[in-house]
Amino acid sequence: MKKKVLLVALLVALILAPVTAASYRGSEQDGAIGVGLNLGTNTGVGLKFGFGDFDILANIGLDNFVFNPFRLGGDVAVSYELYDFDFGHGHHMPLTLGVGAKTGFVFADKFGFDLSVVFPVGISYQIPDFPMQFYLRLAPGLALLQNTSFKLGFDFAGYIGALWMF
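Per chain, residues are indexed from 1 in the order of the written sequence. Selection of residues for local features in this predicted model requires a pLDDT of at least 70, selection of side-chain atom pairs for listing and counting requires 80 or more, and totals for whole chains, interfaces and linings are taken over all residues. The side-chain quantities take in all heavy atoms of the structure and omit both hydrogens and water.

This next bit is on the environment of G31. Examined against the element boundaries, G31 turns out to sit in the loop between α1 (2–22) and β1 (33–40). Only protein chains enter the accessibility calculation, which uses a 1.4 Å probe; a residue is then buried when its area is under 20% of its type maximum, exposed when over 50%, and partly exposed in between. Judged by its relative accessible area of 44%, G31 falls in the partly exposed class. Expressed as a C-alpha distance, the spacing of G31 and F49, which sit 18 residues apart in the sequence, is 6.8 Å. Under the scheme used here, helices are H or I runs from DSSP no shorter than 4 residues and strands are E runs no shorter than 2 residues, and both carry numbers assigned from the N terminus.

Below, the discussion takes up unusual backbone geometry. If you check the backbone angles, H89 has positive phi at about 55 degrees while not being a glycine. Here H89 is to be found in the loop between β4 (70–88) and β5 (91–107). The phi dihedral of N147 is positive, around 55 degrees, even though this residue is not glycine. Relative to the assigned elements, N147 resides in the loop between β8 (132–146) and β9 (149–165). The partly exposed category is assigned to N147, whose relative accessible area is 47%.

The subject of this paragraph is the environment of L115. Tracing the chain through its elements places L115 in strand β6 (residues 112–118). It only takes one pair of heavy atoms within 4.5 Å for two residues to be counted as in contact. What L115 contacts, discounting residues up to four positions off in sequence, is A101, K102, T103, A143, L144 and L145.

Here the idea is simple: oppositely charged side chains can pair when their charged atoms come close. Throughout this description, the term salt bridge denotes a Lys or Arg side-chain nitrogen within 4 Å of a carboxyl oxygen of Asp or Glu. A complete count under the given rule lists four salt bridges for this structure. Between R71 and D63 there is a salt bridge, with the nearest N and O atoms lying 3.3 Å from each other. Considered together, R71 and D63 belong to a single accessibility category, that of buried residues.

Take the buried Ala, Val, Leu, Ile, Met, Phe, Trp, Tyr and Cys residues and link them wherever side-chain atoms come within 4.5 Å; each set so joined is a nonpolar core. Ranked by size, the top nonpolar core spans eight residues in total: A32, V118, Y135, A139, A157, Y159, L163 and M165. Sorting the residues of this core by element identifies β8 and β9 as the ones contributing at least two each. Sort the elements by how many residues they give to this core and β9 lands first, with four residues. Apart from the residues lying within four places of it in its own chain, the contact partners of V118 are G98, V99, G100, A101, K102, A139, P140 and G141.

Before going further, it helps to examine the pairing of β8. Looking at chain direction, β6 and β8 are connected through four bridges and run antiparallel. Considered in β8, the bridge of S116 is made with A143. Strands are labelled as partners when DSSP assigns at least two bridges between them. Both strand β7 (residues 121–126) and β8 contribute to a ladder of six bridges, which runs antiparallel. Across the sheet, residue S124 finds its bridge partner in β8, namely Y135. The loop that links β7 with its antiparallel partner β8 comprises five residues; one of these, D129, has a positive phi angle of about 60 degrees. Bridging between β8 and β9 involves 14 bridges; their strand directions are antiparallel. Residue pairing for β9: L136 is matched across the bridge by I160.

Right, let's get into the side chain of T43. Checked against the element boundaries, T43 lands in strand β2 (residues 42–50). The definition of a polar contact used here is a pair of N or O atoms within 3.5 Å, where within protein one atom must be able to donate a hydrogen and the other to accept one, and adjacent residues in sequence count solely through side-chain atom pairs. A polar contact is formed between the side chain of T43 and the backbone oxygen of G40, at a distance of 3.1 Å. In contact with T43, other than residues within four places in its own chain, are N38, G61, L62 and F65.

Mapped onto the secondary structure, D114 falls in strand β6. Within polar-contact distance, the side chain of D114 engages the side chain of R71 at 2.7 Å.

In structure tokens form, the structure reads like this:
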């Protein structure tokens, strides 16, 4: 059953890819939206909402690969472009800095909640004339809540991923 669902999803993606690529406007434009796979301190779905000079980034997924107890992690950040490494012919890599919140939800006998303020520093690469973007972000931060208790400390998040831009 899983193989059939994956095969249908792959076929739909292959059909839609040329259509979305043909209407692709560029990830730096206002209104650009990206959806993809995020690997890192929370592994799951990565999202990007472009607003020109700044982006809103979000991730949700499995927190630190912890299955027992099950942990769900998520974060959201606003990211500003600091510098754009331009290599010519449409090849460039923007360097970004942002501020955001990182959360973690522990589903066990006792529910737990983590909250941190993070400062993501990232770099991305947009394939010219194709709606695929790759990124790497490292986000040091300050933990405020750990397992639903107020506890200040160092926190960190790291991500690598790919987004399909619309």
